Structures are given as C-alpha cells and as structure tokens.
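An overview of the molecular structure
What follows is the residue order along each chain.
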Amino acid sequence: MRIIANIFKKNQINIMSKKQFYDFGMVGLGVMGRNFLLNVADHGYSIIGLDTDKEQAQALVEEAEGKPAKATTDMKDFVASLKTPRKIMLLVPAGKVVDIVIDGLLKHLEPNDVIIDGGNSFFEDTERRLEYLKEKKVTFLGVGVSGGAKGARFGPSIMPGGSKQAYNKVKKILEAVSAKVNDEPCVAYMGKGSAGNYVKMVHNGIEYAMMQLLAESYDILKNIGGLNNEELHQAYKKYNRGKLKSFLVEITAEIFTQKDDLGKGMLIDKILDKAKQKGTGKWTSQNAMDFGIPVPTIDAAVTMRGISSLKNERLAASKILKVRSSKPKVDKNKLVKEVGDALFFAFITAYSQGMALLADASKEKGFGLDLEATARIWRGGCIIRAALLEDIRKAFSNDANLPNLMVDNTFAKHLKSNHNSLRSIIKKSIDAGIPTLAFSTSLSYFDAYRDGRLPLNLTQAQRDHFGSHTYERIDKDGIFHTEWE
Ligand code: 6PG
C-alpha cells in the first residue's frame, strides 16, 4: 500500500492543469482504461485519467486531443477535479492493486461517490470490498467489461453488479459507451453483490470452452482433413457466414491469413502451443464444483490449457508413448460440414452449462439475475458474442426458469439435428489419436443429461457396501441400507 502511495507523491505532475470539473474518472490508463475513457469522451462527457506512469497519462492527453480531458499522476488532484458525486472507474490489474487504489481514493472521497471496479476481479473480493466500502459510505460496483481493447474503445459488453443506487448514477454513461445490438445497449444491471463479476467470470468460462472447441476443430481439419492455412481460413470464414456466426469464429478465420513478420510462412505455425491463463476459467470450474453444477466443457478447456503447458513432458512422451493410429480417409468438404455442425452443437452445450451455473449461483447467492438480460447484453461487444445468443435470449424470455437451455424447443431441435456430426468427428479423432476432450465432454454432457437412468445406481450400491452410506430405491420411498454379503 505504501509503495503505491509513494509513487503517487513522487509523480505529482499534471499534464493539463486548467481547473475544470470532470464527469468521469479512470484510474489505470493502460490500453483498456485509456480506450474506455476515450469512449466515454466520444459520448460528450468530460474525462479525467489517473496513472502513476507519466507516459500513460501523456498518451491519454494526446489521444483525447480536442476533447474535454485531463490526465494526472496525482490522486488528490484527480479526485478534486471530479464533479460530485464522483464517478471513478478502476481498470487496474485484478487483486491487491484494486485494494491499494481503493484505499488511496478513500482518503479523498466523500459519501455517495461511486467506485466502479471494471477489472476481472474475483467475485469474493468484490463481496469483501462491498462490505468495506459500505462502512465508508462510498457506493461500489463490481463490473465485468468484455471486448478487449477494441471493445473498450468502441463498445464493450458491460456487466454491472453491486449497489443499484450506484448503478443508477452511472447508468446513462455505461449505456452510452456500451455496444449496441438493434439499438439496445449491451449493458444491464446484473444484480446484487458480486453479480457483475460472477457473470463476467462465467462469460470467461464459456469463452475458454469455445476457444478449446475451436482449437480441437482446427486440429481435426488440419490433421485429419489435411486442410492448409488458406483452406482453414476459407472453412472458418464459411462457418462465420452461417449458424456459427460469432466473434471467436471470425477472428479464427482471420488468424490463418496472418503472415509471419519475423520469418517465412504463416504466423500460426510459429506460435508455441502452450496456452496461458489468468484464472477466470479456472474460477468458473472451481465455483461450479462448489455448487455441484456440471460444466464439463469448461473443465475440459481448463484442463487442456494445463496439458498444453506441459510442453517438455509432452515432447518427451511423444517418443515414449508412440502408438499406431489410423488416419481415416475423408472427403474434405464433408469433413468441413461435419466439423461445423459439431462446433454448433458443442457451442450450445457450453452456453447451456454457463447459463445453468448462473441460474444456480443466482439462487445460492441471491443475485436476482435475469438470464434473458444476460444473454441480451452478450449479443454484442463481448468475446463470446454470437448469433446464437439471440435464440438464447428468446429461450429465457419464453421461460425464465428453464432448467437447462438444451431442453428449450429450438435448442433441442438444433442438438438433435447436429449430434451425429459430433459423434462422427469424435470417432474419426479417436482412430487418428487426436485429443478431443472438449468435444467429447460436450457430447457426454448431452448424452448424460438426456439419460433417464444413468449407471450411478452402482455408485450408490458401492457407497453403501463399503461405507454404509445408504441409498434410495426407485420403487419405495425412504432411505435404505443393506448388509451386503
Ligand atoms: C474479455 C476477455 C478478457 C481477457 C481474458 C483472457 O471478455 O474481454 O475475457 O477479460 O482477455 O480474461 O483470459 P485468459 O488470459 O485467462 O485467457
């Protein structure tokens, strides 16, 4: 805490010093914070930014040229320059830094000022901060912001949660800067407490699942279908023109056209196959486990990032664990069609898992989430935006208590007409020795969920056999125990 306070003192340099009161402030002028703030300025609000780094502050001033904007490295000046009640957003790295900045601000803030944390904060941290700030009479919002740097600049999807009173103070600004779909802003009050961060966490869980499914589809098309980068580009471009239309499919198509600046060939072939992670996907899996809600495709995605990071072990094992596999002969066009259908099926299961988790978390944590509104604000601006989300919105509009998206009529039809393609590509991948953890778990999730009699009667029998844990029967009410022979 002290270290940051000292940095602020040393750098008390105002880039613009004319006294004026500003509508909206941002702490953290990295690319996300700067872009979000410039977006606010585009909508007619005066803006002020604070960063300990003079260069970042200077960059804001340059990029905001001609707009009512100021940047400073002095926290006291920053707070004093804002109109009251102050509206201050934080786009700083999640974790300790958020607490340090909040404590710094608290020295200067007044009751009813609003702090908006826009980072990927862990929802339990938001709950703690809400309690802490309540004591100080400063209102707080934990807000998920999705869309990357471009989204922040030109229209992100925004998921605010926490104090409704605070939301009402910033509603107009957030609606103005958010992405729009059919003129509807991609922002809505998500709910009480840490609802905003929780929804963003699950958004990222779904993001992980979709990215892993896309990686597996790439593996199949490349290594079974033999598609080269140009053909891969064409395949994903075609997908993006149909039912798979989505941001992630669109950028996947683009990626295959990127030449390598540092050598010959295409960039995709030079990128190390070790996927990093900041934690939001893992949090989704962990929290789903805590609530007992299955999200196997998200779990698979987190697991595959873990396996990918064992690069050296994998290289060694590739020599030791050589087995014969048979690459099936395929018709390229037919394979592209099958993989597209399989992706569509699996994307639906990923959204289904995420929505089921949100429904349960809302009950457990009293968020009061509206799943229709969640799907609505995910239709634009965010990383998982997809044409499919309009149907998801409709499904929850028809039935707000839908137990699982898969049983909505439209989605049931989609699943029934695409599952054979998924089965077919999984079979081919098994023969070829290609891992399809996310595709396979998506299919098993569907098969298990629609199975009226799973074999877990055996699990119950075993539990009772070795530990007298008891079981229930299908033909009689009550709890039973057997003295097993
Ligand atoms: C978004 C993204 C964003 C971030 C991811 C990356 O919605 O704009 O999700 O929040 O890019 O969190 O996460 P990993 O580093 O864990 O892949």
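So, here's what we can say about the structure.

Take the packing of aromatic side chains next. In total, this model carries 13 aromatic pairs according to the counting rule given. Aromatic pair Tyr198 and Phe367: ring centres 5.5 Å apart, planes at 50°, arrangement tilted. One end of the pair, Tyr198, is in helix H9 (residues 195–223); the other, Phe367, is in the loop between helix H15 (332–365) and helix H16 (371–377), and 169 residues separate them in sequence. Just as Tyr198 is buried, Phe367 falls in that class too. An angle of 80° between the planes, with centres 5.0 Å apart, marks the rings of Phe345 and Phe446 as edge-to-face. You can see Phe345 sitting in helix H15 and its partner Phe446 sitting in helix H19 (residues 437–449), a full 101 residues away along the chain. The exposure classification of Phe345 matches that of Phe446, with both residues buried.

With a probe scaled to a water molecule rolled over the atoms, the places where space remains empty come into view. Applying the stated criterion across every chain, the model contains one cavity of 30 Å³ or more. Its volume calculated, the largest cavity comes out at about 40 Å³. Met210, Lys243, Leu244, Lys245, Ser246, Phe344, Phe347, Ala386 and Leu388 together form the lining of the largest cavity. For the lining of the largest cavity, the class distribution of residues is six nonpolar, one polar and two charged.

Further remarks concern the site of the ligand. Around the ligand there are 14 residues in total, and Ser146, Lys200, Glu207, Tyr208 and Lys278 lie nearest to it. Contact distances for the ligand include 2.9 Å between an oxygen atom and a backbone N or O atom of Gly147. Within the side chain of Arg305, a nitrogen or oxygen atom sits 2.8 Å from an oxygen atom of the ligand. Contact with the protein chains removes 80% of the 410 Å² of surface that the ligand exposes when unbound. A per-element tally of the shell around the ligand places H9 first, with five residues. Looking at the shell around the ligand residue by residue, the class counts come to two nonpolar, eight polar and four charged.

A few words on the sheet that holds strand S2 (residues 47–50). Across a sheet, strands are paired by hydrogen bonds formed along the backbone, either parallel or antiparallel in direction. In space, the seven strands of this open sheet follow the order S3-S2-S1-S4-S5-S6-S7, with mixed pairing throughout. In the strand order of this sheet, the two ends are held by strand S3 (69–72) and strand S7 (157–162), each with one partner. Strand-to-strand twist in this sheet, taken as the mean axis angle between neighbours without regard to direction, amounts to 20°. Two elements, strand S6 (residues 139–146) and S7, share six bridges in a ladder whose sense is antiparallel.

Attention now moves to the nonpolar core. Judged by nonpolar contacts, the single largest core of 86 residues is most densely connected at Leu221, Tyr236, Tyr351, Trp378 and Phe439. Looking at this core element by element, the count peaks at 17 residues for H15. Each of two domains, domain 1 (20–193) and domain 2 (205–449), supplies a minimum of three residues to this core. Beyond its immediate sequence surroundings of up to four residues, Leu221 is in contact with Gly226, Leu227, Leu232, Ala235, Tyr236, Tyr239, Leu335, Val336 and Val339. Formed by 33 residues, the second largest nonpolar core is a distinct cluster that contains Ala41, Ala69, Leu91 and Leu141.

This brings us to the packing of helix H18 (residues 409–432) against H19. Across the interface, H18 lies against H19 with an axial gap of 10 Å and an inter-helix angle of 135°. Here H19 runs oblique to H18, going by the angle between their axes. As H18 runs across H19, the sense of the crossing is left-handed. On H19, the residues touching Leu415, His419, Leu422, Arg423, Ile425 and Ile426 of H18 are Phe439, Ser440, Leu443, Phe446 and Asp447. Among the residues forming the contact of H18 with H19, the class breakdown is seven nonpolar, two polar and two charged.

Procedures and definitions
Residues numbered from 1 in each chain as written. Predicted model: local features only at pLDDT ≥ 70, side-chain atom pairs only at ≥ 80, totals over all residues. Heavy atoms only, no water. Phe/Tyr/Trp six-rings, centres within 6.5 Å; stacked < 30°, edge-to-face > 60°. Helix = DSSP H or I, 4+ residues; strand = E, 2+ residues; numbered from the N terminus. Buried < 20%, exposed > 50% of the residue type's maximum accessible area, 1.4 Å probe, protein only. 1 Å grid on protein atoms, 1.4 Å probe; cavity = no way out; pocket = protein on both sides within 12 Å on 5 of 7 lines; lining within 4 Å. Points joined across faces, edges and corners; volume = space filled by probe spheres on them. Nonpolar A, V, L, I, M, F, W, Y, C, P; charged D, E, K, R; others polar. Near = heavy atom within 4 Å. Polar contact = N/O pair within 3.5 Å; in protein donor to acceptor, adjacent residues only side chain to side chain. Areas by Shrake-Rupley, 256 points an atom, 1.4 Å probe, with all protein chains shown as cover. Pairing = 2+ DSSP bridges. Axes fitted to C-alpha atoms, helices over the stretch in contact; angles between N-to-C directions. Core = buried A, V, L, I, M, F, W, Y, C linked by side-chain atoms within 4.5 Å. Domains from an automatic or database assignment. Contact = heavy atoms within 4.5 Å. Parallel < 35°, antiparallel > 145°, perpendicular 65-115°, else oblique. Left-handed = near helix turned anticlockwise from the far one by under 90°.

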